[in-house]
Amino acid sequence: MIDIEINGKALQVEPGSTIMDAAHQAGTYIPHFCYHKKLSIAANCRMCLVQVEKAPKPLPACATPITPGMKVFTHSELAVSAQKGVMEFLLINHPLDCPICDQGGECQLQDLAVGYGDSASHYQEEKRVVADKDLGPLVTTDMTRCINCTRCIRFTQEIAGVMELGQAFRGEHAEVMPFVEKTVDSELSGNIIDLCPVGALTSKPFRFSARTWELSRRKSISPHDSLGSHLIVQTKNDRVMRVLPRENEDINECWLSDKDRYSYEGLNSPERLSRPMLKQDGIWHEVDWSVALDYVVHTLRDVVKAAGGTAIGGLLSPHATLEELYLGQKLLRGLGCENIDTRLRHSDFSADGKRLGMPWLGMKIAELSQLDRVLVVGSFLRKDHPLIAQRLRQSAKRGAQITLLHSAGDDQFIKLAGQAIVPPSRLPSMLAQVVKAVCAKKGVAIETSDTDGAFAELTVSAEAEQIAQSLVSGRNTGILLGNFAQQHPQAAALHALANQLASLLGGRLGFLGEAANSLGAYVAKAVPQAGGLSAEAMLAQPRRAYVLLGVEPELDCAHGMQALAALSQAASVIVLSPFKSKAALGYADVLLPVSPFAETAGTFINCEGRVQSFYAAIKPLAETRPAWKVLRVLANLLDLPGFDYSSSEEIKAEALNLAQGESLEFVSGLDNGVSGISFHLPLANPATTQAVPLTERVADVPIHFADMLVRYAPALQKTKDAAIPVARMNSVTLARLGIASGGRVKVMRSGIHSDGAGDTVDTTKNSASHDIAAMMHAELDANLPDNVIRIATGHATTVAVGPMFTTLRVEKA
């Protein structure tokens, strides 16, 4: 530690610290604009000039390292004079438009101008005007206000990982701008609004809608991915106006993904369901709650009386709260129904009953930064988990080696130590090759559960060898299974192989949960128990009635067409949803309006097992009611015992088995171990055995199609990430099919897909599954393997394409 003095106060600071770091430690504020604790040092605003004893002139606190015995004066006459001089220069060209600026009232420049600005300026010439830039649908610009602090430039390059902004020209002509005809399209782009110390970058959806002093602030938790980012929800007149990050170094640090930041717009969508609706003679009518609930109760009773509880299927959203999931499964089980699931996009459930615990991240989120070797298996990481990708990006800069095994080679903006990009059918085989290579390097005998003995015959590829070499060279290793791996037809095989690999390396295995309550669903028991059907099975074997909670099955399930067919032929479909989707108006009988996250209290359990509760930020819209209250009333009307709850806290306590007054920070029973999994290696590739060449589908779930709330957020639906899906193939596949990039193609369902056990099933017999599923544009994607076509799921235009994991016939249109 080094001894220094700040304003006469002695303190000890760590070597390598700057004066700014020491001032923070001492609780002394030094004015600044360009400095930010998460960004590199630029020292270009000069606002943090301070006096240092024996220095001939003031020095920038953000860029000056401390030295033994240094004496610093932050508020001396010399320091304040220098700071006032800098402020005068910063205000030379800044417009006096505070009354119409969205940053007014929370502007760093405004605040410091009060303390360090003068009442008059020496500058008499004309002020410069800078043309505004088009940064896309999320961020609006007033570039004349820019003070060239370069925070936004450094953020895009260092945190988001891609340099989307830069600075051109010099002196007073310097301008921050995007590249020619480019917008800022990063999934983290909204953070540049928070970073901007002036009003140059502001929120386009929020623009001119409210003043900061008019807004009420409520703490909340993100309902989207499994990170559980901490939010500040700002409201006015019971309407959510804006969402900002709430700093938590253990989870989201000080950042938010655009999905977390802008999805609030869906809360104010004109598609919100505000009153119960009932279909009579094919016509929808708005009805009172009593009428709708009475209809639901009689319907469920009739189904149970006629065919038993097994005739009901319950599809619950993994984005629902713990309380909603717990009451949903409790109500359905009270009716004798075990067909309850939240794993809507999964296609392999053979690990059920074989897990040693509940799947989780395998470590604290903050511990990801401590890993020196990471293998990510089957993940569109940057889009599925933006802030986890950001943590791994920073780790790679510090020397950690990140490797990727996937079916699409999207640029994660992370320096990779190795990657293997293979068709989906070869994903388990490639992971097995990595396991075999690690066994060879460690001199360990191979122990596998493959049923055909092919493991021993596997030839280790150069890519697998490179990944294995990286992994065995580390001391703290993590194997992370992403959404794609968990949705894979051989997800259990990938789980078993990853578990074996982690054991060999003495590392940790983790699941990157798909949704806010992917782990919470297990805690709430909202997954099938013995005898219950999985989500896929209850759609493949249609039920007489379905109960849907916060789900659009045609977009949220692994096989949207199958889901639509099952729901359309059901005698009754009961939908609890905040929105009235077009598809639901077709297959549902009754729509019950339930509150989204901002209008209800609840709990999310994130991927590390952290229990995070929140309260409603605003009142429910119109006649909307919190889903837990609707489920409680339904259970009471059905005369089911044990539903006498007066608050969501009581439900949480029962779900978590808490004593009165007890709290819980992390859930127990988390274990990623698995046993008794058998599988085939390698998977047969049906594309190689057909007379007509088939192409394997890679189905990503674009970040802004991933759940109901973001699908109804207008600004997010204008981004490039929400563009209408196209058919993407590499140059070899395009050439084989005789298709040019940009041309139109016919995509036809082959009816051949994996059954999850390594075999292929042909569903074309006695069906029309070989018909044209979609007409779309083709696009070159050099990051895909041969004989693969990438078509996104979760979008209305691609529902007809079929399962997420299938083979397709593709022809030039």
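All figures in this text were calculated on a predicted structure; none of them were measured in a lab.

Student: Just to check I follow, could you spell out the nonpolar core for this structure?
Tutor: Most often, soluble globular proteins keep nonpolar side chains buried together rather than apart. Phe33, Met47, Phe155, Leu392 and Leu480 are the most contacted members of the largest nonpolar core, which has 67 residues in total. Per element, the largest residue contribution to this core is five residues, and it comes from helix 10 (residues 386-397). Counting residues in hydrophobic clusters, the runner-up holds 56 residues, among them Cys337, Ala521, Leu549 and Ala635.

Student: How should helix 20 (residues 627-637) be read in this particular structure?
Tutor: Within an α-helix, residues lying three or four positions from one another point in the same direction, as the helix has 3.6 residues per turn. Where helix 20 is concerned, the buried positions are Ala627, Trp628, Val630, Leu631, Arg632, Leu634 and Ala635. In this structure, the buried residues of helix 20 make contact with helix 7 (289-307), helix 8 (322-334), strand 22 (545-549), strand 23 (572-577), strand 24 (590-593) and helix 21 (648-655).

Student: Would you take a moment to explain the packing of aromatic side chains for this structure?
Tutor: The geometry of two aromatic rings is summed up by the distance between their centres and the angle between their planes. Here the structure, examined in full by the defined rule, presents six aromatic pairs. Centre to centre, the rings of Phe579 and Tyr712 are 4.1 Å apart; their planes meet at 5°, and the pair counts as stacked. Pair noted here: Phe579 is in the loop between strand 23 and helix 19 (582-587) and Tyr712 is in the loop between helix 22 (708-711) and strand 28 (727-729), with a separation of 133 residues, a long-range link. Here the two residues Phe579 and Tyr712 agree in accessibility, since each one is buried. Aromatic rings pair up to connect Phe380, Phe484 and Phe805 into one cluster. Positioned above the aromatic ring of Phe643 is the side chain of Lys330, whose terminal nitrogen or guanidinium carbon lies 4.9 Å from the ring centre.

Student: I keep staring at helix 2 (residues 77-90) and nothing clicks. Help me out?
Tutor: Relative to the 20 Å expected for 14 residues at 1.5 Å per residue, helix 2 spans 20 Å between its end C-alpha atoms, a close match to the ideal helical length. Those residues of helix 2 that sit buried are Ala79, Ala82, Gln83, Val86, Met87 and Leu90. Buried residues in helix 2, looked at end-on, bunch into an arc of 140°, giving them a common side. More than 90 degrees from the buried face of helix 2, the exposed residues found are Glu77 and Phe89. Lining the buried residues of helix 2 we find strand 3 (49-52), strand 5 (71-73) and helix 3 (108-116).

Student: Which parts of the structure should I look at to understand the environment of His346?
Tutor: Mapped onto the fold, His346 is located in the loop between strand 16 (340-341) and strand 17 (373-377). You can call His346 buried: its relative accessible area is 13%. Each C-alpha atom of the pair His346 and Met20 lies 50 Å from the other, and the pair is 326 residues apart in sequence. Apart from the residues lying within four places of it in its own chain, the contact partners of His346 are Gln486, Gln487, Glu514, Glu536 and Ala558.

Parameters and conventions
- Residues numbered from 1 in each chain as written.
- Predicted model: local features only at pLDDT ≥ 70, side-chain atom pairs only at ≥ 80, totals over all residues.
- Heavy atoms only, no water.
- Core = buried A, V, L, I, M, F, W, Y, C linked by side-chain atoms within 4.5 Å.
- Buried < 20%, exposed > 50% of the residue type's maximum accessible area, 1.4 Å probe, protein only.
- Helix = DSSP H or I, 4+ residues; strand = E, 2+ residues; numbered from the N terminus.
- Contact = heavy atoms within 4.5 Å.
- Phe/Tyr/Trp six-rings, centres within 6.5 Å; stacked < 30°, edge-to-face > 60°.
- Lys NZ or Arg CZ within 6 Å of the ring centre and 35° of its normal.
- Expected span 1.5 Å × (residues − 1).
- Arc of directions from axis to C-beta.

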